[in-house]
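Here's the letter readout for the chains.
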Amino acid sequence: MPYVVTRACCADASCVVACPVNCLHPAPGEPGFAEAEMLHVDPDACVGCGACATACPVDAIKPHTQLSLAEMPFLEANAAYFETNPHPDRTPVARVPEQRRLRSGRPVRVAVVGAGPAGLYAADDLLRHPEVSVDVLDRLPTPHGLVRAGVAPDHPDTKRVQRLFERIESQPGFRYLLGVSVGTDEDVAAERADVSAAELREHYDAVVWAVGAASDKRLGIPGEDLDGSVSATELVGWYNGHPDLVDLPVDLASPRGGPGEEPDDGGSRAVVVGTGNVALDVARVLTADPARLRATDVAGLAWAELASSTVTEVVVLGRRGPAEAAFSLPEILGLEVLAAPEDGIDVLLETGAWPLPAADTPRGRALARLAAARPRGPLPDGRPRRRVVLRTGAVPVAVLGEERVRAVEVETTRPAADGRPLPTGEVSLLPARLLVRAVGWFGRPVADLPHDEETGAVVHEDGSVAARPQDFVVGWAKRGPRGTIGANKACAQETVSSLLDRLDAVTHRVAGAGAAGLDDLLADRGVEVVDLAGWRAIDAEERRRGQAAGRARCKVVEPEEMLRLARRAASAPAHREGLLGRYARRRRRSVPTG
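Predicted model only: the values in this text are computed from it and were never measured.

K.L.:
Explain the overall build of the protein chain here, please?
P.N.:
Per the secondary structure count, the protein chain includes 21 helices and 26 strands. Contacts in the protein chain between residues far apart in sequence, at least 24 positions, make up 75% of those at least 6 positions apart. With an accessible surface of roughly 24,800 Å², the protein chain has 53% of that area assigned to carbon and sulfur atoms.

Have a look at this one:
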């Protein structure tokens, strides 16, 4: 009974290590692993033991006999992969490299700045060495980065990777220092940060930076700063309950029949610019059935706005064609799943002057089905059917409106001989009430580390920061904003290997290194630190509220309430009321993404 990967997997390769017959490909070290959208199970080699399904942190693997009709395209994609990538030379058992040991047995303390996937994978790899203990810092009182604040609420399976994080957090030598912001000496002096990078170096043997890439790329067109124009990072953080973004002004409800209103005044339309997976996440959430969304961990205030939304159409704009679009095959198939039921949304593809990809691949066939789809009219109960329109070969050139977004001016493109998009000069007006920019992230400078302005990443070699012997980098801050959650695992392994090389080359311990010194420093500054017990108290309360409401969890979104809940934990310190006001004053619209 072969198994099948049924959604965009996290690609951390836990399943590859668990498989006794090495039937999952591409595996780490094989061509294509770094770029793979998902892994595939070889049906000829699979022995049906289920070890991969047990190991998968996001429950993405099923026996082929348990696939629903809507999931059958994943079986087709799996078979198509092995038609072109047969992997004839197989090792009978997945090889796990021998565990490295430090040459010196001295105790080593490492600080990891950023409690998202990249930081936690780095902590996990470091804690394989009994000499090493790790403190993970984050400016928010809650960990898990984009898994908590970036994964779409209608993707609960992806969020199950938090169970893996719970196992990492439970290891000996692991500590959380949450609610602690890190910056430069100048930031500390101006009360913009609680501790400086230089001070971390004084207290730890090494510092690993896992702070992500928190800035959005801009469109660079007139009107993009109008009310009703937001970045995808802001909108995603808003509906996921990120503390910085719960008060984001998002207005989705439009009164009808006002004086001077035209029939198509844009009140029922949102426009998303970009064709990556985040753009599709936004489109799905904006068109989701509020009753189904209610059962997820979507933020309460955001759900109330989404439930009253008059938006019935989301147009996703891409300047190139469908073959060049960045969204992954699992996300395309996921849209088809939403469109399948009688009461499902419509998903339409408008290709313009751009050709569809070849129909001899699962991606090509899926896009051809979307291009052939037609609107189905109202729902059986008479309500308007919501729809997502993927419009390729279209680029926004201006956002129109006096105080808020009223329309988007769109120019069509055609492919040049070399595949570049060429403007045609044909411009149309697309009335809309909301514009979401989803054209990618960009990293800001990190503390006092060298910054590459072109890539938005920290300057490094194999994760070792240039000209900073104690500093290392991992995740999007290292490689730029690309890769899935699981891609951070291999990224962390490379960085940790560089860190261990450096430790092996150093025969003395850093002066002043140690947790006690930093703890005293933070206490003297009145910093209320949320430790692992405090985070677990917040987590337990969110789950309790969720269970009472019939939901996955009800997120606590205000830092003040998070700190109150954390104080209930026996080991949580009970000082620093003053931080609350200071935190509120310095709230920044940034989202940790590592």
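Anyway, onward from the coordinates.
K.L.:
Which parts of the structure should I look at to understand the nonpolar core?
P.N.:
The nonpolar side chains of a soluble globular protein tend to be buried, and buried together. In terms of nonpolar packing, the biggest core is built from 114 residues, with L24, Y176, W238, Y239, L390 and L499 touching the most fellow members. In this view, L499 contacts V110, L126, A206, V208 and F472; residues no more than four positions away in its chain are not counted. Core analysis: the next-biggest nonpolar cluster, separate from the first, contains 22 residues, L200, V207, V446 and A477 among them.

K.L.:
Help me out: how do you make sense of the sheet that holds strand β12 (residues 229–231) in this one?
P.N.:
The strands making up a sheet associate through backbone hydrogen bonding, with each pair oriented either parallel or antiparallel. Taken together, the six strands give an open sheet; going across it, the order is β12-β20-β13-β14-β16-β15, and neighbouring strands pair in parallel fashion. Each having just a single partner strand, β12 and β15 (346–350) make up the two edges of the open sheet. Taking the axes of each pair of neighbouring strands and ignoring which way they run, one obtains an average angle of 20 degrees across the sheet. Pairing geometry for β12 and strand β20 (residues 434–437), over three bridges, is parallel. Each bridged residue has a counterpart across the sheet, and for V230 the counterpart in β20 is V436.

K.L.:
What am I meant to see in the state of the cysteines here?
P.N.:
Working definition: the covalent bond between the sulfur atoms of two cysteines is a disulfide. All told, the structure shown has zero disulfides when counted by the stated rule. Free cysteine: C46, not disulfide-bonded; nearest cysteine sulfur from C23 at 4.6 Å. C52 takes part in no disulfide bond, and the closest cysteine sulfur, belonging to C46, lies 6.1 Å away.

K.L.:
I keep staring at the packing of helix α14 (residues 329–339) against helix α15 (residues 362–372) and nothing clicks. Help me out?
P.N.:
Geometrically, a packed helix pair is captured by the angle between its two axes and the distance between the axes. As a packed pair, α14 and α15 sit with axes 10 Å apart at the nearest point and diverge in direction by 35 degrees. Every pair of crossing elements has a handedness; the one defined by α14 and α15 is left-handed. The residues of α15 that touch α14, namely those facing L329, I332, L333 and E336, are P362, R363, A366, L367, R369 and L370. Residues belonging to the contact of α14 with α15 are distributed by class as follows: seven nonpolar, no polar and three charged.

K.L.:
What is the right way to look at the packing of helix α4 (residues 117–126) against helix α17 (residues 487–505) in this model?
P.N.:
Where α4 meets α17, the axes come as close as 8 Å, and the angle between the chain directions of the two elements is 50 degrees. Here α17 runs oblique to α4, going by the angle between their axes. Crossing geometry of α4 relative to α17 is assigned as right-handed. Contacts between α4 and α17 involve P117, A118, Y121, A122, D125 and L126 from the former and N488, K489, A492, Q493, V496 and L499 from the latter. Here the contact of α4 with α17 is composed, by residue class, of eight nonpolar, two polar and two charged.

K.L.:
Please clarify how the environment of A270 should be interpreted in this entry.
P.N.:
By secondary structure assignment, the location of A270 is in strand β13 (residues 269–273). Classification of A270 by relative accessible area gives buried; the value is 0%. Spatially, the C-alpha atoms of A270 and L435 are 6.0 Å apart, while their sequence positions differ by 165 residues. Setting aside anything within four residues of it in sequence, one finds A270 in contact with L286, V311, E313, V314, V315 and L434.

K.L.:
Is there a simple way to explain unusual backbone geometry in this structure?
P.N.:
Excluding glycine, residues mostly have negative phi values, and the peptide bonds linking residues are mostly trans. At the junction of H25 and P26, the peptide bond is cis and its omega measures out at -10 degrees in the coordinates. Within the secondary structure, P26 sits in the loop between β2 (24–25) and β3 (40–41). The phi torsion at H144 lies on the positive side, around 85 degrees, for a residue other than glycine. Locating H144 in the fold gives a position in the loop between β6 (132–138) and α5 (145–149). On the basis of relative accessibility, which here comes to 1%, the residue H144 falls in the buried class. Its identity as a non-glycine residue notwithstanding, A447 has a phi of 45 degrees, on the positive side. Along the chain, A447 falls in the loop between β21 (441–442) and β22 (451–452).

K.L.:
What should I look at first to understand the pattern of salt bridges in this one?
P.N.:
Oppositely charged side chains may form a pair once their charged atoms are brought near each other. This structure, assessed with the given rule, holds 43 salt bridges. Put simply, E76 and R365 hold a salt bridge, and the shortest N to O gap is 2.3 Å. Here E76, found in helix α3 (residues 72–84), pairs with R365, found in helix α15; they are 289 residues apart in sequence, far enough to count as distant. Look at R365 and you get partly exposed, because its relative accessible area is 26%.

K.L.:
Whenever I open this one, helix α7 (residues 162–169) confuses me. Can you help?
P.N.:
Burial in α7 covers these residues: Q162, L164, F165, I168 and E169. Along the long axis of α7, the arc covered by the buried residues comes to 150 degrees, so they all point the same way. Contacts made by the buried residues of α7 are with α4, α5, α6 (156–159), β7 (174–178) and α19 (532–549).

K.L.:
Explanation requested: the pairing of strand β5 (residues 108–113) in the structure shown.
P.N.:
When a strand is regular, its side chains alternate between the sheet's two faces. With six of its six residues buried, β5 lies for the most part within the structure. The alternating pattern of β5 places V108, V110 and V112 on one face and R109, A111 and V113 on the opposite face, and all of these are buried. Pairing geometry for β5 and β6, over six bridges, is parallel. Counterpart to V110 in the pairing with β6 is V134. Handedness of the β-α-β unit built from β5, α4 and β6 comes out right-handed. Note: β5 against strand β10 (residues 206–209), four bridges, orientation parallel. Along β10, the bridge assignment pairs V110 with A206.

K.L.:
Can you help me understand the sheet that holds strand β19 (residues 421–431) in this one?
P.N.:
Taken together, the three strands give an open sheet; going across it, the order is β17-β18-β19, and neighbouring strands pair in antiparallel fashion. Of all the strands in the sheet, the pair left with one neighbour each is β17 (394–400) and β19. Across the sheet, the mean angle from the axis of one strand to that of its neighbour is 25 degrees, orientation sign disregarded. Inspection of the sheet shows β17 paired to strand β18 (residues 407–415) by six bridges, in the antiparallel sense. When the bridges of β18 are listed, V399 appears paired with V408.

K.L.:
Even after reading the chapter, I still don't get the pairing of β18, so can you show me in this structure?
P.N.:
Here β17 hands over to β18 after six residues, with G401 in that stretch at a positive phi of 150 degrees. The pairing of β18 with β19 spans eight bridges and is antiparallel. Across the sheet, E409 pairs through a bridge with L429, a residue of β19. In this antiparallel pair of consecutive strands, β18 and β19, the connection spans five residues, and G419 shows a positive phi of 90 degrees.

What counts, and where the lines are drawn
Residues numbered from 1 in each chain as written. Predicted model: local features only at pLDDT ≥ 70, side-chain atom pairs only at ≥ 80, totals over all residues. Heavy atoms only, no water. Helix = DSSP H or I, 4+ residues; strand = E, 2+ residues; numbered from the N terminus. Contact = heavy atoms within 4.5 Å. Areas by Shrake-Rupley, 256 points an atom, 1.4 Å probe, with all protein chains shown as cover. Core = buried A, V, L, I, M, F, W, Y, C linked by side-chain atoms within 4.5 Å. Buried < 20%, exposed > 50% of the residue type's maximum accessible area, 1.4 Å probe, protein only. Pairing = 2+ DSSP bridges. Axes fitted to C-alpha atoms, helices over the stretch in contact; angles between N-to-C directions. Disulfide = S-S within 2.5 Å. Left-handed = near helix turned anticlockwise from the far one by under 90°. Nonpolar A, V, L, I, M, F, W, Y, C, P; charged D, E, K, R; others polar. Parallel < 35°, antiparallel > 145°, perpendicular 65-115°, else oblique. Salt bridge = Lys/Arg side-chain N within 4 Å of Asp/Glu carboxyl O. Arc of directions from axis to C-beta. Right-handed = clockwise from strand over helix to strand, strands pointing away.

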